[in-house]
Amino acid sequence: MSTDVIKNSIVADMNLAPEGHLKIDWVEAHMPVLNRVRKEFEADQPFKGLKVTICLHLEAKTAYLAKVIQAGGAEVTITGSNPLSTQDDVCAALVEDGITVFAKYNPDPVEYKQLILKSLETKPDFIIDDGGDLVTILHSERPDLLETIRGGAEETTTGIIKLKALEKQKVLNLPMVAVNDAYCKHLFDNRYGTGQSAFDGIIRTTNLVVAGSTVVVVGYGWCGKGVAMRAKGLGANVIVTEVDAIKAVEAHMDGFRVMPMVEAAKLGDFFITVTGNKAVITGEHFDVMKDGAVLANAGHFDVEVSIPELKKRSTSVRTVRKNIEEYQFADGRKMYLLAEGRLVNLAAADGHPAEIMDTTFALQALGLRYVRENYETLEPAVINVPYEIDEKVARYKLESLNIELDTLTDEQIQYLDSWNV
């Protein structure tokens, strides 16, 4: 343990480190794909002599990703991408493992931003971002720090939306791998991960039954599909709201009712937003909701449920359970907002299961290595994860499960490559 790392880090309490180590040890034991990548990194040292700054939800699975990057030779600095998802015991454990940490649970907005800035002021060579806060601050407030950064990778839908906006305006100054758009990420992380972890947060926080209730899923992208699937599996009546005609047809054919939000608002017991957009539940919806409606967000930022309009309509606000705020309306109705409208699966639970993040973080690690090896020829743009990396992660996953695949014969390959047979 480096005394410089301890001195330079900003964490809540180093005495919490033993609990953090136990959490990290647990996920390491359940992340066989990332363990395999770690062995490759230890042998090849792709990041030797380089600095990597990571801005992700700072819990145990993220911590293990940071240790894998470190095992590849990097000097790693890490900060949190959401004020309520940082786990202080994990932060302390990482510092003991030689990783510089700038993160605390629930800092105020000013401190949260300052912690991100400190992680950038280490002048990294490469970055990993989640939601775009790191890249946004770089481009809008500290462009001087872009000089040393050669590229990076982005974790989630919201961050890629921001990156594509920067690219469209021709102001993106880095090659950034869109890890979220990898097929493995869509299929496993967004669908199965979000589906399970969102309800983990909701059920753990409210202790209410889902079976027999009406769950409104706002948005039917990959995350929305997972949430709707899991709600159905728990016995809920599921309604989907959408703005995309194709996704709406898909939701209908998957067996869900589809209707405008203002109609769904009258029927829902639980509302779960997964759009990556802002103000998808607003005042006109609050006006017709049932007494006792539960509002949860599984999108990256706390803007999907319009909290200003919720406050405007309320005569009182009180915390009734940890991570549950009760908004009392003048007519006597009460609305319950979970985790301050932030990511319910991370702010009120532990995020995606370890086995899910195993594949996602393997994509992150290998995606960053791809940028490291090719940055000199990459344009400042949003870059897809190469199919070879996507497929490699899937094969590693199958091997960890002792599942074998068929292979094409030479005759079959020749047939597929021909057009006149």
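Residues numbered from 1 in each chain as written. Predicted model: local features only at pLDDT ≥ 70, side-chain atom pairs only at ≥ 80, totals over all residues. Heavy atoms only, no water.

Going by what an unreviewed UniProt entry lists, the protein is known as Adenosylhomocysteinase and is assigned to Paenibacillus shunpengii. Quoted straight from UniProt, the Catalytic activity (unreviewed entry) entry for the protein says "S-adenosyl-L-homocysteine + H2O = L-homocysteine + adenosine". (UniProt positions renumbered as here; feature names shortened; annotations may be inferred.)

Section: the sheet that holds strand β12 (residues 314-321)
The strand order across the open sheet formed by eight strands is β9-β8-β7-β10-β11-β14-β13-β12, and the pairing between neighbours is mixed. In this open sheet, the two edge strands, each paired with only one partner strand, are β9 (257-258) and β12. Bridge count between strand β11 (residues 293-297) and strand β14 (residues 334-338): three bridges; the pairing is parallel. Within β14, the residue paired with L295 across the bridge is L337. Against the sheet, helix α10 (residues 222-233) touches β7 (214-218), β8 (237-241) and β10 (270-273), its axis set at about 170° to β7. (Pairing = 2+ DSSP bridges. Helix = DSSP H or I, 4+ residues; strand = E, 2+ residues; numbered from the N terminus. Contact = heavy atoms within 4.5 Å. Axes fitted to C-alpha atoms, helices over the stretch in contact; angles between N-to-C directions.)

A short note on the UniProt feature "binding site: substrate" (unreviewed entry) in the protein
Residues given the UniProt feature "binding site: substrate" (unreviewed entry) here are D130, E155, K185 and D189. Judged by maximum C-alpha separation, these annotated positions cover 60 residues in sequence but sit close together in space, the widest gap being only 13.8 Å. Tracing the backbone through its elements, the reader meets K185 in helix α9 (residues 183-206). We classify D189 as buried; its relative accessible area is 3%. (Buried < 20%, exposed > 50% of the residue type's maximum accessible area, 1.4 Å probe, protein only.)

Examining the packing of helix α7 (residues 133-140) against helix α8 (residues 157-168)
Remark: α7 packs on α8, axes separated minimally by 9 Å, with the N-to-C direction vectors making an angle of 30°. Between α7 and α8, the angle falls in the class roughly parallel. Helix-helix and strand crossings are classified by hand; for α7 and α8 the assignment is left-handed. For the pair α7 and α8, the contacting residues are D133, V135, T136 and H139 in the first and K162, L163 and L166 in the second. Here the residues of the contact of α7 with α8 sort into three nonpolar, two polar and two charged. (Parallel < 35°, antiparallel > 145°, perpendicular 65-115°, else oblique. Left-handed = near helix turned anticlockwise from the far one by under 90°. Nonpolar A, V, L, I, M, F, W, Y, C, P; charged D, E, K, R; others polar.)

Remarks on helix α3 (residues 32-44)
The end-to-end C-alpha distance of α3, which contains 13 residues, comes to 19 Å, matching closely the 18 Å that a straight helix rising 1.5 Å per residue would cover. Of all the residues in α3, the buried ones are V33, L34, V37, R38, E40 and F41. All buried residues of α3 fall inside an arc of 165° around its axis, so they share one side. Away from the buried face of α3 by more than 90 degrees, exposed residues K39 and A43 are located. Each element contacted by the buried residues of α3 is listed here: α2 (17-28), α4 (60-71), α16 (354-374) and α17 (387-400). Trailing α3 by a residue or two, Q45 shows a phi angle of about 50°, which is positive. (Expected span 1.5 Å × (residues − 1). Arc of directions from axis to C-beta.)

Thoughts on unusual backbone geometry
The phi dihedral of E340 falls on the positive side, at around 60°, and the residue is not glycine. A positive phi angle, near 60°, is found at N402, a position not held by glycine. Examined against the element boundaries, N402 turns out to sit in the loop between α17 and α18 (410-416). Looking at N402, the relative accessible area reads 72%, which means it is exposed.

Topic: α7
Within α7, six of the eight residues are buried, leaving the element largely enclosed by the surrounding structure. Those residues of α7 that sit buried are D133, L134, V135, I137, L138 and H139. Looking at the packing, one finds that the buried side of α7 touches β1 (51-56), α6 (109-120), β4 (126-129), α8 and β6 (176-178).

Describing the sheet that holds strand β15 (residues 382-384)
In space, the seven strands of this open sheet follow the order β3-β2-β1-β4-β5-β6-β15, with parallel pairing throughout. The strands lining the two open edges of the sheet, one partner per strand, are β3 (100-102) and β15. Taken over all neighbouring pairs, the strand axes of this sheet differ in orientation by 20° on average, direction set aside. One ladder, built from three bridges, connects β6 with β15; its direction is parallel. Residue pairing in the sheet places V177 in a bridge with I383 of β15. Against the sheet, α16 engages β1, β4, β5 (151-154), β6 and β15, with an angle of about 150° to β4.

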